[in-house]
2 protein chains.
Amino acid sequence: MNAEIIAVGSELLLGQIQNSNATYLSEDLSSIGVNVYHHVVVGDNPHRLADVVRSGLERSDLLVFTGGLGPTKDDLTKETIAKVINKDLVYDEATEKRIQSFFAKRRQVMTDNNRKQAMVLEGAKILPNDHGLACGLVVELDGKTIVLLPGPPNEMIPMVKNYAIPYLKKQLSTAEQIQSKVLRFFDIGESQLVEKLDDLIENQTSPTIAPLASEGEITLRLTVKGQDQKENDVLLENLKSKILERLGNYYYGEDDQTLSLILQQELHDTKQTLAVAESLTGGLFSTTLTDLAGASTVFAGAVICYSNAVKESELSVSQEIFERHGAVSSVCAKTLAANIKQKLNSDIGISFTGVAGPDSHDGHEPGHVFIGIATKNRVVSYELQLAGSRDNIRQRSVKYGLYYLIQCLRKEKVDE
Amino acid sequence: MNAEIIAVGSELLLGQIQNSNATYLSEDLSSIGVNVYHHVVVGDNPHRLADVVRSGLERSDLLVFTGGLGPTKDDLTKETIAKVINKDLVYDEATEKRIQSFFAKRRQVMTDNNRKQAMVLEGAKILPNDHGLACGLVVELDGKTIVLLPGPPNEMIPMVKNYAIPYLKKQLSTAEQIQSKVLRFFDIGESQLVEKLDDLIENQTSPTIAPLASEGEITLRLTVKGQDQKENDVLLENLKSKILERLGNYYYGEDDQTLSLILQQELHDTKQTLAVAESLTGGLFSTTLTDLAGASTVFAGAVICYSNAVKESELSVSQEIFERHGAVSSVCAKTLAANIKQKLNSDIGISFTGVAGPDSHDGHEPGHVFIGIATKNRVVSYELQLAGSRDNIRQRSVKYGLYYLIQCLRKEKVDE
């Protein structure tokens, strides 16, 4: 079943809000085996909306509309679709009763324009709205399915979960199961990764392989369709091990396991705490760790030593280090890591020093970064030359820090 | 000029990522008077993409494509458009040189498939990519304009700001000037703000008024169309003063003046430095300040005192305070602010302590937050009860901190 998702609303075309409904619906529809081939956004304009409905009916089996079901004059999704498919809008008593009780509950008066919301497409199945006024509608027409949903996510999402998806599942002729697995890689370029998998991607059928790159991270989504769930799992596992034979060094986790989540888990499992000294990252590394609930059990604290004065007063970096090596150096990074560990009495210390830019500093280009890590057994440092904006450089420095720490912790587990 | 924004990428249709590019582009295009009438998302499929290109050329003057310019086989925006409009892809030496230096900078190897990115549509104007490999392209064709942009927002946004929008501004045939001004408000609800402006919004013609709420901040975009720039400015200024008569207390800045930018400016103007003690915000406040280049002149540094142990060892919060008042208290917030100021020898200290959630802590609900501020003359604290997720609570705490600091600094200027 091929679907398209059509959002109706001028506020989307003005860039005032994001079309998060399409993202949500895409994931839900894919998960039951519907192929979403198009998203469309169109404004509150009857002619352009009508054109979109027509072209949708030509190319797709399933049309899912969001928005334009409200009481105001510029809510015209129902009215426009009715015209295009030659159906009448008929008054639905049950719906009007529901609307009345909705207002009664809130001790509000029902205004005339709310009656508009009691009009439904003739022959449509009604999807109840448990969180608002506009009911959803489903129309079956010459083998095509048209679904109308309200725009506000807090009304749309439960309606989809509880009524639309169960309805569509029944419609789906196929008993096909869809399963997918996301593999996460770091410290490798997309083109380099794709080249290593060239033949696999070239000959992909089921499972399929979809790469996605963001800020130095790359994910591969493996998706399989098949009648038998167990069989699907085997296919996914086989492909995964094939891929890891080639890219194991860059692989760090699966599905929703972000770098920060894995680090938190590793620290938790090994009962270790982490202290942080941040110069160029200015708090971003600590923010990333403390984004996660439960951080307090593994995160001891941090000093943001943006200036040399604070590096010296709080973390005992000597004048001699500044003069001989500079603040942007392996020696300074190691000193910061070792001293923050001792100062906050933690098991591990990590430090970031370098140049975020836009200007160079102390004769170092933007993107020249040193990361220091002090563990129970050793103090090491890593040198990076990152490109991109100030923000890119800070983001990537943090991800490299997370990645190196995870490697250290896993290595030490092996060593012991 | 009527435009549509076409995003290419199967990951969007699978719901893996949101089409935030369309939102960004819509706002920028609207701001220069382009009418965006459609958003379309299509997958990495040459036939469906070709159909989308054709229907776009039929109904729109301007087609803006995002994504599908990468090095991999399923990046086929350039190739597909070339076929539809009967143009060749030609090799561009300058672009290849840029790609080579990009890899050189990162000390990475350039792979063969990257050469694909040096191919451009014949006769196209090239838009430089200052943050990645794929260059942007502009093609003029029988009165239609086709713009190709890379998918990653950190590459797309600067390319649009610096190259695409200036180019399109020149193209716009209309003699009509479009000017807009953004007014920024804080600490007031959207419905409350809209109610105060009810009549103005109801009778809006030119300038128009578009409210937009995000994380406790509300912006009003005033947009005016007219032949005469001076006249437009007067209209905007008149409306602005009308609005500020009613909402002046909540107004803090204009256009791109974010809270953090204004705070940096105020600190800079008064030659003061700021030290930060962060508990529940875990580094987010410092990150926000150091996002801005030039932070080093006003930001002394910070201690992230997530645990009581660090509050005690680093910031001398006494056991007596923990026992009598608790870590989530006005007294603790004031102590942290005063002591971080003294410790890092800065002019001002600010502190954040509270509960980010999801669970309550020490008998405090998530969202119960105290902010302490220590200036030359006084130490004060603010108590907040914020709603929303852990992330919302952290974000809003930071914005309130910025907002209160700005008010303090401005007040002290007046007092002196």
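Summary of the structure given here. (Residues numbered from 1 in each chain as written. Chains lettered and ligands numbered in written order. Predicted model: local features only at pLDDT ≥ 70, side-chain atom pairs only at ≥ 80, totals over all residues. Heavy atoms only, no water.)

## Remarks on the side chain of glutamate 314 of chain B
No. 1: Counting through the fold element by element, glutamate 314 of chain B comes out in helix α12 (residues 308–315).
No. 2: Judged by its relative accessible area of 9%, glutamate 314 of chain B is buried.
No. 3: Not counting residues within four places of it along the chain, the set of residues in contact with glutamate 314 of chain B comprises Glu314, Lys343 and Leu344 of chain A together with Val303 and Lys343 of chain B. (Helix = DSSP H or I, 4+ residues; strand = E, 2+ residues; numbered from the N terminus. Buried < 20%, exposed > 50% of the residue type's maximum accessible area, 1.4 Å probe, protein only. Contact = heavy atoms within 4.5 Å.)

## So, the side chain of lysine 181 of chain B
Residues and elements named next belong to chain B.
No. 1: Topologically, lysine 181 is positioned in strand β9 (residues 177–186).
No. 2: We classify lysine 181 as buried; its relative accessible area is 11%.
No. 3: A distance of 3.2 Å separates polar atoms of two side chains, one belonging to lysine 181 and the other to glutamate 237.
No. 4: Only 2.9 Å separates the side chain of lysine 181 from the side chain of glutamate 254, close enough to count as a polar contact.
No. 5: Beyond its immediate stretch of four places on either side in the chain, lysine 181 contacts Leu220, Arg221, Leu222, Leu236, Glu237, Lys240, Glu254 and Asp255. (Polar contact = N/O pair within 3.5 Å; in protein donor to acceptor, adjacent residues only side chain to side chain.)

## Some remarks on the pattern of salt bridges
Residues and elements named next belong to chain A.
No. 1: Taken as a whole, this structure holds 34 salt bridges over all chains when the rule is applied.
No. 2: In this structure, glutamate 217 engages arginine 184 in a salt bridge whose closest nitrogen and oxygen atoms are separated by 3.5 Å. Taken together, the residues glutamate 217 in strand β11 (residues 217–226) and arginine 184 in strand β9 (residues 177–186) connect sequence positions 33 residues apart.
No. 3: Taking the relative accessible area as the measure of exposure, arginine 184 reaches 14% and is therefore buried.
No. 4: It is possible to trace a salt-bridge network through shared partners that takes in Lys181, Glu237, Lys240 and Glu254. (Salt bridge = Lys/Arg side-chain N within 4 Å of Asp/Glu carboxyl O.)

## So, the sheet that holds strand β2 (residues 35–42) of chain B
No. 1: A sheet is described by the order of its strands in space; here 12 strands give the open sequence β6(A)-β7(A)-β8(A)-β3(A)-β1(A)-β2(A)-β2(B)-β1(B)-β3(B)-β8(B)-β7(B)-β6(B), paired in mixed fashion. Only two strands of the sheet have a single neighbouring strand rather than two, namely β6 (125–127) of chain A together with β6 (125–127) of chain B. Across the sheet, the mean angle from the axis of one strand to that of its neighbour is 15 degrees, orientation sign disregarded.
No. 2: Of the strand pairs in this sheet, strand β1 (residues 2–8) of chain B and β2 of chain B are connected by 7 bridges, and their pairing is parallel. Across the sheet, the residue bridging to alanine 7 of chain B is valine 41 of chain B, located in β2 of chain B. (Pairing = 2+ DSSP bridges. Axes fitted to C-alpha atoms, helices over the stretch in contact; angles between N-to-C directions.)

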